[in-house]
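# An overview of the molecular structure
Here's the letter readout for the chains.
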Amino acid sequence: MPHQKMPAVSLALPPTLNTPFPFESSSMAVEMTTFCLLLLLSFFFLLTSTSAENVTYDHRSLIIDGRRRLLISASIHYPRSVPSMWPGLVRSAKEGGADVIETYVFWNGHELSPGNYSFEDRFDLVKFVNIVKDAGMYLILRVGPFVAAEWNFGGIPVWLHYIPGVVFRSNSEQFKSHMQSFMTYIVNTMKRHKFFASQGGPIILAQVENEYGDIEKVYGDGGKLYAMWAADMALSQDIGVPWIMCQQYDAPAHVINTCNSFYCDQFVPNSPNKPMIWTENWPGWFQTFGTSNPHRPPEDIAFSVARFFQKGGSLQNYYMYHGGTNFGRTSGGPFITTSYDYDAPIDEYGLMRLPKWAHLKDLHKSIKLCERALLYSDPTHLLLGPLQEASVYADSSGTCAAFLANMDDTNEKWIVFQNRSFHLPAWSVSILPDCKTVAFNTAKVRSQISMVDMVPESLVASKTNQGKDSKGLQWHIYKEKTGTAENADFVRHGFADHLNTTKDTTDYLWYSTRFHVDEGEKFSKNGGQPILLLESKGHAVHVFVNEKLIASSSGNGSDITFKLEAHVPLRAGKNDISLLSMTVGLQENYQEGLWCRFKLERGKSSHRMNVKNAGPFYEWVGAGLTSVKIAGLDNGTIDLSSNTWKHKIGLEGEHLKIYSNGIDNVKWITPSLLPKDQALTWYKVNMDAPKGTEPVGLDMKYMGKGQAWLNGFAIGRYWSRKSSLNDKCSSSCNYKGKFFPDKCRTGCGEPTQRWYHVPLSWFKPTGNVLVIFEEKGGDPTKITFSRRRVSNICSFVSEDYPFVDLENWENAIRSTSDGRATLHLACPASTSISSIRFASYGNPSGVCGSYQQGICHHPASTLIVERVCLQKTQCTIPFLEGDFSKVFCPGMTKSLAVEAVCS
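Below: a short report on this structure. Numbering of residues starts from 1 in each chain and follows the order in which that chain's sequence is written. The model is predicted, so local features are restricted to residues of pLDDT at least 70 and side-chain atom pairs to those at 80 or more, both for listing and for counting; the totals for chains, interfaces and linings are taken over all residues. Side-chain numbers here rest on the full set of heavy atoms in the structure, without hydrogens or water.

Glancing now at the overall build of the protein chain. Numbered from the N terminus, helices here are DSSP runs of H or I no shorter than four residues, and strands are runs of E no shorter than two. Secondary structure assignment for the protein chain yields 15 helices and 45 strands. A buried classification covers 59% of the 903 residues belonging to the protein chain. Residue contacts are counted whenever heavy atoms from the two residues lie within 4.5 Å of one another. Long-range contacts, defined as pairs at least 24 residues apart, comprise 74% of the intrachain contacts of the protein chain with a sequence gap of at least 6. In the structure as shown, the protein chain presents an accessible area of about 36400 Å², 52% of it carried by carbon and sulfur atoms. The cut-offs for exposure are 20% and 50% of the maximum accessible area for each residue type, with area from a 1.4 Å probe on protein chains only; residues under the lower value are buried, those over the upper are exposed, and the others partly exposed. A 1.4 Å probe and the Shrake-Rupley method give the accessible areas. Residues count as covered only by the protein chains that appear here.

Rendered as structure tokens:
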């Protein structure tokens, strides 16, 4: 837990120790012993307390109870996991070296309608803050209330858009009124539970607005007025801790402006009285359906963090440290996947991602060893080469820390610093907490790599519900009605906007019309089928002609609009066309193409936005059909756009809530042969929970597109949409040089998302009900659960890697023995190392899963490692000792690479 400076003037005992004893002693010795005991307990309480009663700041850092603090923060969004996971996630963040947990507050998850607030289940913010507090950590509360975050509608309630006069994030009085009401409600809730540091709680910072500085000018003079109003309104809440505004270049004097980016070492606050704070360091990137998987190497993340603190940073937050899951319909974008894994140090399922988590843990320890020097002395920056530099922090007491940086993204360098030679790999920073000893180099990963598999496990029928398929499962189906039938919600000429019609109560909106084809129609001069020409503002559509699915199309994460051309099997006489328009998460930013179009339509001026920033006026982006034509007829092309169209909001199954636990008001059919590849079909099956305690994913590889529920809990949208084979993917990633989202990708030509996280707390031992709504068609008999399991572990360590005991730094640097590189392997609890798949001491190469021997290879490498590690949960192999201590390949820097199997 964070170390607290002891109060200078008060020795008052904690309330639990101030109560009188049940007896009194006349012995002075007993009284004195009791007093001393209580005093010691009081000191212990003060030293271990998580409270912080005074948070201020100066140009260098936050000052908590009179002490400057260097802080590592970890973003964990409470709605993107479940309450049963929160303690473990917070514990893993703390173990990884974080002092602070950061979260947004999600307005649309809390204020369901004006004045109607909810804090249930995944949105139990109070419970989440208490867990952080109990873990002995601080909290940054980003109230917003706009969050962006690839979250539906940027976190602002959809109902707010339909209140007359409201323009989001503007000087609109109606918007400001509702925003202030929500923020005041949240602040008062936090005050009521004494959560602010000024009350002894864990919240040390709060945020108002979010990344507004990049779009402020778009709103004209009103943008500046709104930003200043938001800051003044926040300050008026009197919470007793500082407010921040990220990416707000003109933040007023009493609000700290902060940086969001992949790199923030060049960031300068807008006042010399404010500290450097990095609110979003992106350790990965989000995914959209239809794209490959982005990854950011741990070496580059560590480089960015080390450079930030080298240049005077004092608080750095990982966005995300645990990304989690966009359950239900919470993902935005649009087209953001249900998974929000973000390639974060803790993965979507709650497992530590190695080596990223462990490499950053060592980084945090090394930086913390420099805290006193960094925060209480001014740096001296020394140029050691064209792209090499040292930053030295030293004070008169002898405290000294140094950072040696090589910004060359190609060449390693040897540099001389304080009469010593130091080797700097390309694109790396070495941290010297005593200005002499390298504790950590960002490019040298000492921690192991964990290879994680999704191990399939078939659905198992509940004992009380043995069924008819080959697995004993009894599937039930409910066929969704195609089109509007006789139950249209309204009829109009032309198309109603999808979002204005559904108001995001559902993803689905039906448009249906009927037209006549003459008996003698030959359809085209060439005798082929006519062609349906369709245009949509977004996001996706299924085309049904005479109740048969004939085509589907969609936009994507960079352009939600799309066009469709498809042959249609018309018949003489009446033909019914039913178009199921779909959203895939509401807009939370304005993509560049849409912004240009919006600018032309509304006459607004343009302002280029940061790649991650949410754009202006995003709430005005519509969705749904704009044009439908039939081409290839004898009489040419028929435009159906102005036809009479019936509109129906949502699905019949949604209206009946057939996915809800305990509701069974539908006549499910139990077919003797389960239909496959059938569109618009609800499937239900009753089964037992998967065995074991490992995290669980639902494998939907053989399904098309739709949504899934377990016991009434919304798992989320699934979609087997594949990424392009033309994407640039690679099995390895060069960490050197500046990172960008398309730099390191995997999974080209594969479904963007195959597995969907199902929290263990959602399962019952037996009698679990899985409900699937399939839009296009798939094979539900191939649906399985998969256990997320660490199968293999690897480690690659060279003898020139820094090796010091960061936990016992003072003893380590006093040791007369050389720092010796050591390889560590550890399997998950309840498993052990069952075999060694690869081992080579010499100059091996490759990556985990495909290591290769080099020209220098110790022939007994495998035997040596097996003798030390087999059948053990963990093992340690030091270099230059035992079997590897003999002279071998002289003049060469040796490495040891090992891949082991855990079972």
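This is not the end of the story, as more comes after the structure.
Right, let's talk about the packing of aromatic side chains for a bit. Pairing of aromatic side chains requires ring centres within 6.5 Å, counting the rings of Phe and Tyr and the six-membered ring of Trp. Pairs whose planes differ by under 30 degrees are stacked, by over 60 edge-to-face, and all others tilted. One pass over the structure, following the stated rule, counts 51 aromatic pairs. Between the aromatic rings of Phe796 and Tyr851, the centroid separation amounts to 6.0 Å while the plane-to-plane angle is 40°, which identifies the pairing as tilted. One end of the pair, Phe796, is in strand 41 (residues 784-798); the other, Tyr851, is in the loop between strand 43 (833-842) and helix 15 (861-869), with 55 residues separating them in the sequence. Judged by its relative accessible area of 21%, Phe796 falls in the partly exposed class.

In terms of backbone geometry, most residues other than glycine have negative phi values and most peptide bonds are trans. Residue Gly144 is joined to Pro145 through a cis peptide bond whose omega torsion reads 10°. Relative to the elements of secondary structure, Pro145 occurs in the loop between strand 8 (138-144) and helix 5 (158-161). Here the bond from Gly333 into Pro334 is cis, since omega is 0°, no more than 30 degrees from zero. Along the chain, Pro334 turns up in the loop between strand 14 (313-322) and helix 9 (356-368). Backbone geometry at Glu209 places phi at a positive 55°, although glycine is not the residue there. Considering the arrangement of structural elements, one finds Glu209 in the loop between strand 9 (203-208) and helix 7 (221-235). When its relative accessible area of 2% is taken as the criterion, Glu209 is described as buried.

Looking now at the state of the cysteines. Throughout, disulfides are identified as pairs of cysteine sulfur atoms within 2.5 Å of each other. Applying the stated rule across the entire model yields 8 disulfides. Paired through a disulfide, Cys259 and Cys264 show a sulfur-sulfur distance of 1.9 Å. Residues Cys259 and Cys264 are joined by a disulfide whose S-S torsion is about -80°; by sign, that bridge is left-handed. As far as the burial class goes, Cys259 and Cys264 line up, both buried. Linked covalently through their sulfurs, Cys729 and Cys748 form a disulfide whose S-S length is 1.9 Å. Handedness here is read from the sign of the S-S torsion; for Cys729 and Cys748, about 85°, the answer is right-handed. Residue Cys729 is found in the loop between strand 37 (713-719) and strand 38 (745-746), and its partner Cys748 is found in the loop between strand 38 and strand 39 (755-758); the two are separated by 19 residues along the sequence. Overall, Cys729 belongs to the partly exposed group, its relative accessible area being 32%. The exposure class assigned to Cys748 is buried, which follows from its relative accessible area of 17%. Cysteine Cys246 is unpaired, with the sulfur of Cys259 as its nearest cysteine sulfur at 9.4 Å. Left without a disulfide partner, Cys370 is nearest to the cysteine sulfur of Cys435, which lies 8.3 Å away. The class for Cys370 is buried, based on a relative accessible area of 0%.

Moving on, we get to the sheet that holds strand 2 (residues 62-64). What makes two strands pair is DSSP finding at least two bridges between them. Spatially, 3 strands are ordered 1-2-3 in an open sheet, and the strand pairing comes out antiparallel. Bordering the open sheet on either side are strand 1 (55-57) and strand 3 (67-69), each of which pairs with just one other strand. Across the sheet, the mean angle from the axis of one strand to that of its neighbour is 40°, orientation sign disregarded. Only the stretch in contact is used when fitting a helix axis, every axis being a line fitted to C-alpha atoms; angles between N-to-C directions are given from 0 to 180 degrees.

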